[in-house]
Amino acid sequence: MCDTGTRPFISGVVEGFYGRPWTMEQRTELFKREQKWGLNTYLYAPKDDYKHRMYWRDLYTAEEAEELRALMAAARQHGINFIYAISPGLDMTFSSSRDTSSLKRKLDQVKQFGCSSFALLFDDIESEMCPADKRAFSSFAHAQAVVTNEVYQHLEEPESFLFCPTDYCAAYCTPSVSQSAYLKTVGEELLPGIDVLWTGPKVVSHKISVESIEEVSAVLRRAPVIWDNIHANDYDPQRLFLGPYKDRSTELIPKLRGVLTNPNCEFYPNFVAIHTLATWCKAPAHAEPRDVEMALGHDRKKKIQAGEVSFLRRVAGLSPREGEKLGVEPLLLRVERSQMRWLGHLVRMPPGPSPVRCSGCVPPVGGPREDPGHVGETMSLVWERLGIPPDELEEVAGEREVWASAEAAANLTPDKGEEEQDPCYSPQKALTLALTDWLQEFLMADHPGGHLKKGSSDEEPMQMDMGDSAHIPEPEENPLYTAEPLTLNDLKLLSDLFYLPYEHGRTARKMLQELDWLKKHSAAASADTEEAAAWHSRALCFDDMCEVVVQMFNHLSNAPNRSVLYDLYNYICDIKRGVCLARAYVKILGGHDHPSAQLMTNEMESWTTRGGLSGEFQRMLPGHGDGDLFRHPPRTQVYCIRPYGPEDQIQLERIFREMSVESGAASVGQLPLLCRGLLTGELCPSPESALVLEDDAGLCGYALAVIDAKQAAAKTQRALSPSVLEEFPSLVTMQVLPRVTDSSPAKRMMWQLLSSIRTTGSKGAFCELRQSDQRMLDFYTKLGYFNSVSVTEDIVVMGTSLQK
């Protein structure tokens, strides 16, 4: 493996998403934040900058050149290494000296702007070489390595030079990472000073293990730079990711050359992604948690982790050196008496209780608005943790306020079993720090129609310039609409609702669980029993959760920083609408009349549905629902439903024989089932009406159909009831092995099969079962599609109508 020597660990941001690129002003703001948080790199690679990718040969105009010069100067000013990336792979002929010269000329121009770091990206392109390249190179990887080395040497071997392979994740490697001919060629032929980008096991990797990095490093002969798409959202316009950087152990740090996050397309929401990555990068590898003695008063001592001291220092607005010089006790006193009071004005609590209505449901982070007693309970947890009794807190406070920074400290401890697997880095603590900073970003900006008095007293709330025409309502008139100020808990809730690609936040999971329970037990809602009381109690609790989401939307909408709000607006509007629909549905289940939601009619309004044409396509495909993060029961196996092919026939016969033994073979003299002919080859399934189910171990089920069962019966000389064939003209048969314990794959496979039969115009479908085969009778009954139609001799016929 290549020794990186004293080269700094690469940490920062890659602007590498598809969609509208960030503006020059936003990039300059990014450099300031990176410097503040301790990151050192920015990789310029916006896919939709046409001179970066599609028209990579075109030189920059004088105006564009000036903008890039200014941007690179801003990066240098803030200590950020600006890496210019170019993506020539869409139409480059690697053996063409003209194309290679064009590439060098373009990079020479950028070098004149003051750029000294570069990257060549060959991601998301076709791997088939043109005839000219096939004659010149032994492989696609060989072609890329030759051109990359030539460009690298032409640029005089810059210290930072990145290469993105076409097979940039384990999922793209054939047959595996360790045996990938492409990666082996890249590792062997790329010059040692060239770093290689890698996204992990997948394009969007759930987890990145130390073992996987060691494997790819051995093949590449160098430590990779992670291009991390965990917060990228360019592939789904309905999702935003505001969760912390997680599921990457800090033990990776010494195994890597660097980490760059490719975050959300929207600029301002990336406060969380970038900030938490910075916290992760600063975590010392293999460090043990350190304790710091705290002395408050005379006899009270409390131990807290060094990370929490760092948090308190940040809340107090001090630099690391100032915090260290001040000491722990004065630091805490400064936090409790100064900064918390300032934040308290921003999150002043309205009077009046909003009790939790059931003991079985914990209210989500950020709501409902607590009464002073409940606030006292929350605050006592904080100050008990920090060694300060509540009575001293009340003396300091003098007001009934919810202090966002204190509540953040109360929530530093994550859910049991969810965190603290890495002693050097806590995603929840990193998230709290990021959201605390982000709150100030929301609040410190001009407000339309007024202004925030920057530089005024810390205790002075936002002033609105109403002029001389301020409206004051009469006593019997509607009061003025005023939304409460945004709080840290609002942002924690927002993060929970828009968490990570493979995980919902705590509050989102709780809401989904409650709605699922209320749906499954809705029959109890109308009864006059204890179960009904429990149902209505949980329904009220769910309603409280929904109300908190609506209030969060109102607080965000009232935030002074409109630039941040507009990046979020489509997302928070969508989640508010979804929550309101769920809220109305629960009220209907509970017997409340709510016709405006129109949830129980066949004439849905457009605003009550999601997905449009894209949603329609997804619902017609076999894998629809596989991406859902909330599953009941949870799936522990990944199944694939695909069309049947002739090569599957042997495996289908094996499953048929195995399950015949399981159920008991037909006795001598019993009439054979018509479906048996599909498994013996006597009958052929109709086109596009045969599916198989696969898991990691291989074929584990099938679903076959014959559209015209009457013709099939005549071919096998079977007599079927004319009335059955009139109402159910198509034959289906399904079987899955016992190892498939999850019922959802079988249900999806049958649903897809019936959908295919319906498109042929068939009125219905039937299946034949042995009356003695109770297992299969239960199986078809639980599928939910079939009902018993007739029983003749020892055969049970079950049918399903396909007419709307």
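What counts and how
- Residues numbered from 1 in each chain as written.
- Predicted model: local features only at pLDDT ≥ 70, side-chain atom pairs only at ≥ 80, totals over all residues.
- Heavy atoms only, no water.
- Helix = DSSP H or I, 4+ residues; strand = E, 2+ residues; numbered from the N terminus.
- Buried < 20%, exposed > 50% of the residue type's maximum accessible area, 1.4 Å probe, protein only.
- Contact = heavy atoms within 4.5 Å.
- Areas by Shrake-Rupley, 256 points an atom, 1.4 Å probe, with all protein chains shown as cover.
- Pairing = 2+ DSSP bridges.
- Axes fitted to C-alpha atoms, helices over the stretch in contact; angles between N-to-C directions.
- Core = buried A, V, L, I, M, F, W, Y, C linked by side-chain atoms within 4.5 Å.
- Domains from an automatic or database assignment.
- Phe/Tyr/Trp six-rings, centres within 6.5 Å; stacked < 30°, edge-to-face > 60°.
- Lys NZ or Arg CZ within 6 Å of the ring centre and 35° of its normal.

- Named according to an unreviewed UniProt entry, the protein is protein O-GlcNAcase originating from Takifugu flavidus.

## Examining the overall build of the protein
Okay, step 1: For the protein, the helix and strand inventory stands at 26 helices and 17 strands.
Okay, step 2: Across the 804 residues of the protein, 50% fall into the buried class.
Okay, step 3: Of the contacts made within the protein by residues no fewer than 6 positions apart, 75% connect residues no fewer than 24 positions apart.
Okay, step 4: Counting only carbon and sulfur atoms, one obtains 51% of the accessible surface of the protein, whose full area is about 38400 Å².

## As for the sheet that holds strand β17 (residues 795–801)
Okay, step 1: With mixed pairing, the seven strands of this open sheet are ordered in space as β11-β12-β13-β14-β15-β17-β16. Of all strands in the sheet, those bounded by a partner on one side alone are β11 (640–643) and β16 (787–792). Pairwise comparison of adjacent strand axes, ignoring direction, gives a mean angle of 25° for this sheet.
Okay, step 2: Pairing of strand β15 (residues 764–770) with β17 involves seven bridges; the strand directions are antiparallel. In the strand pairing of β17, Leu-769 is matched with Val-796.
Okay, step 3: The sheet strands contacting helix α25 (residues 744–758) are β11, β12 (690–695), β13 (698–706), β14 (730–736), β15 and β17, and the helix crosses β14 at an angle near 160°.
Okay, step 4: Sheet strands in contact with helix α26 (residues 774–783) are β14, β15 and β17, and its direction is about 110° off that of β14.

## Looking at the nonpolar core
Okay, step 1: If you look at the biggest cluster of nonpolar residues, it comprises 122 residues, and the most contacted ones within it are Phe-82, Tyr-84, Trp-280, Trp-438 and Leu-494.
Okay, step 2: Considering each element in turn, this core owes the most residues, 11 residues, to helix α18 (residues 530–557).
Okay, step 3: Of the domains in this structure, domain 1 (14–282) and domain 2 (484–599 + 609–634) are the two that each give at least three residues to this core.
Okay, step 4: Among all residues touching Trp-280, those that are not within four sequence positions of it are Tyr-245, Arg-248, Ser-249, Thr-250, Leu-252, Ile-253, Leu-256, Val-259 and Tyr-425.
Okay, step 5: Core analysis: the second largest hydrophobic core is formed by 57 residues, Leu-693, Leu-704, Leu-737 and Val-796 among them.

## Here we look at the packing of aromatic side chains
Okay, step 1: Within the structure shown, the criterion is met by 24 aromatic pairs.
Okay, step 2: Aromatic pair Tyr-60 and Tyr-84: ring centres 6.3 Å apart, planes at 80°, arrangement edge-to-face. In this pair, Tyr-60 is assigned in the loop between β2 (41–44) and α2 (62–77) and Tyr-84 in strand β3 (residues 81–86), connecting sequence segments 24 residues apart. For the pair Tyr-60 and Tyr-84, a shared accessibility class is recorded, and that class is buried.
Okay, step 3: The structure contains a cluster of three or more aromatic residues connected by ring pairs, namely Phe-31, Tyr-42, Tyr-44, Tyr-60, Phe-82, Tyr-84 and Phe-113.
Okay, step 4: Note that Lys-47 overlies the ring of Tyr-18, its terminal NZ or CZ placed 5.4 Å from the centroid.

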